[in-house]
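Structural overview for review
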Amino acid sequence: MFSSLDRADIVLNPDPDGRQKYVQTDHRTCEEIEQCPEISTLFALIRILNPKRMAEIGSPDPVVLYSAQVRPPEFLRRVIHAAGGQLVIGDTFQPESNEAEPASLIEIVEVAFVQLVRAVRTEYGLSLSADGLESLEKALAQKAIDPEAEEFEYWSAVLKLGSFAGEVIRESNGGRWIITKSGSLPFSLSTRFRGEEATVNPLGKAIKRFTNGDEDSLVTLIHLIRSQS
């Protein structure tokens, strides 16, 4: 399932060289992928990077096969290649050849978050501010989303809320999205707090918000960080 972000769909036996192999499936058509390119980009990045984080220190880099039923749009093929995934199409597990130099992964990550927040602002009519974040949090929290039965809706809400909070922090304190080994999702925000460089996990906080309610509001986190820039 293309929206399972916290697990691998299939775990294969390791290669002879010891590299663990994972398969992430995507059953969507090109039209369905292109309906939400920002979400599609971040979902693919997470589904490739998360299995790679499972490798133990000193072990070979895992192989992640991104198995699509149809040839994905060019933008998604570019994302898969940059993240280190291997694209397979149809019923074969034979990866497509791609000898092109991969695009900068961190640039793809940065652009994906910026574009997602731009789309969220348009969808909900929000300003990039603490007030905008509060309105978004209330709108998303009103929907009782089951993370197991409604994976796509749940993880989309997590990414929308967490990315919006991160961009609000960047607006006031500066910073950049980074790839990290810790947390449920492989992205955190490097920013400033009390005059020093600090790492914040808005996506992890968004997961907690949907699990624990108002006690883990991202608005409270934003006010704290912005007051101590």
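Here, every reference points to the structure presented above.
A few points on the structure.

The rules behind these values
- Residues numbered from 1 in each chain as written.
- Predicted model: local features only at pLDDT ≥ 70, side-chain atom pairs only at ≥ 80, totals over all residues.
- Heavy atoms only, no water.
- Helix = DSSP H or I, 4+ residues; strand = E, 2+ residues; numbered from the N terminus.
- Rg over C-alpha atoms; globule rule 2.2 N^0.38 Å.
- Buried < 20%, exposed > 50% of the residue type's maximum accessible area, 1.4 Å probe, protein only.
- Contact = heavy atoms within 4.5 Å.
- Pairing = 2+ DSSP bridges.
- Axes fitted to C-alpha atoms, helices over the stretch in contact; angles between N-to-C directions.
- Phe/Tyr/Trp six-rings, centres within 6.5 Å; stacked < 30°, edge-to-face > 60°.
- Expected span 1.5 Å × (residues − 1).
- Salt bridge = Lys/Arg side-chain N within 4 Å of Asp/Glu carboxyl O.

Helix and strand counts for the protein stand at 8 helices and 7 strands. For 229 residues, the compact-globule estimate of 2.2 N^0.38 gives 17 Å, and the protein sits close to it at 18 Å. Across the 229 residues of the protein, 47% fall into the buried class. Long-range contacts, defined here as pairs at least 24 residues apart, represent 61% of the contacts in the protein between residues at least 6 apart.

Here we come to the sheet that holds strand S7 (residues 196-200). Pairing within the open sheet is antiparallel, and its 3 strands lie in the order S5-S6-S7. Every other strand in the sheet has two partners, leaving strand S5 (176-179) and S7 as the edge strands with one partner each. Each strand of the sheet is rotated relative to its neighbour by a mean of 40 degrees, with strand direction disregarded. Taken together, the 4 bridges between S5 and strand S6 (residues 187-193) define a ladder with antiparallel strand orientation. If you follow Arg-176 over to S6, its bridge partner there is Ser-190.

Counting across every chain of the model gives 5 aromatic pairs. Taking the centre distance of 5.5 Å and the plane angle of 90 degrees together, the rings of Phe-113 and Phe-187 count as edge-to-face. Of this pair, Phe-113 sits in helix H4 (residues 105-124) while Phe-187 is found in strand S6, placing the two residues 74 residues apart along the sequence. Take Phe-113 and Phe-187: they sit in the same class, and that class is buried.

Now for helix H6 (residues 151-173). Compared with an ideal rise of 1.5 Å per residue, which puts 23 residues at 33 Å, H6 spans 32 Å between its outermost C-alpha atoms and is within 8% of the ideal. H6 sits mainly inside the fold: 19 of its 23 residues count as buried. With its phi angle positive at about 75 degrees, Gly-174 sits one or two positions after the end of H6.

Summed over all chains, the structure comprises 16 salt bridges. Arg-209 is the salt-bridge partner of Glu-137, the closest N and O atoms lying 3.2 Å from each other. Residue Glu-137 is found in helix H5 (residues 130-141), and its partner Arg-209 is found in helix H7 (residues 202-212); the two are separated by 72 residues along the sequence. Classification of Arg-209 as buried rests on a relative accessible area of 8%. Overlapping salt bridges, with partners in common, bring together Asp-6, Arg-7, Glu-148 and Glu-151 in one network.

Read across the sheet, 4 strands follow the order S1-S2-S3-S4 without closing on themselves; strand pairing throughout is mixed. Since the sheet does not close on itself, it has two edges, and those belong to strand S1 (10-12) and strand S4 (86-89), each with one partner. Averaged over all adjacent pairs, the angle separating strand axes in this sheet is 30 degrees, with direction ignored. The pairing of strand S2 (residues 21-26) with strand S3 (residues 63-68) spans 6 bridges and is classified as parallel. From the neighbouring strand, Tyr-22 faces S3, where its bridge partner is Val-64. Against the sheet, helix H2 (residues 37-53) makes contact with S2 and S3, and its axis sits at roughly 150 degrees relative to S3, the strand it touches most. Across the sheet, helix H3 (residues 74-83) touches S2, S3 and S4, and the angle it forms with S4 is around 135 degrees.

Note that all results are geometric; they support no functional claim without further evidence.
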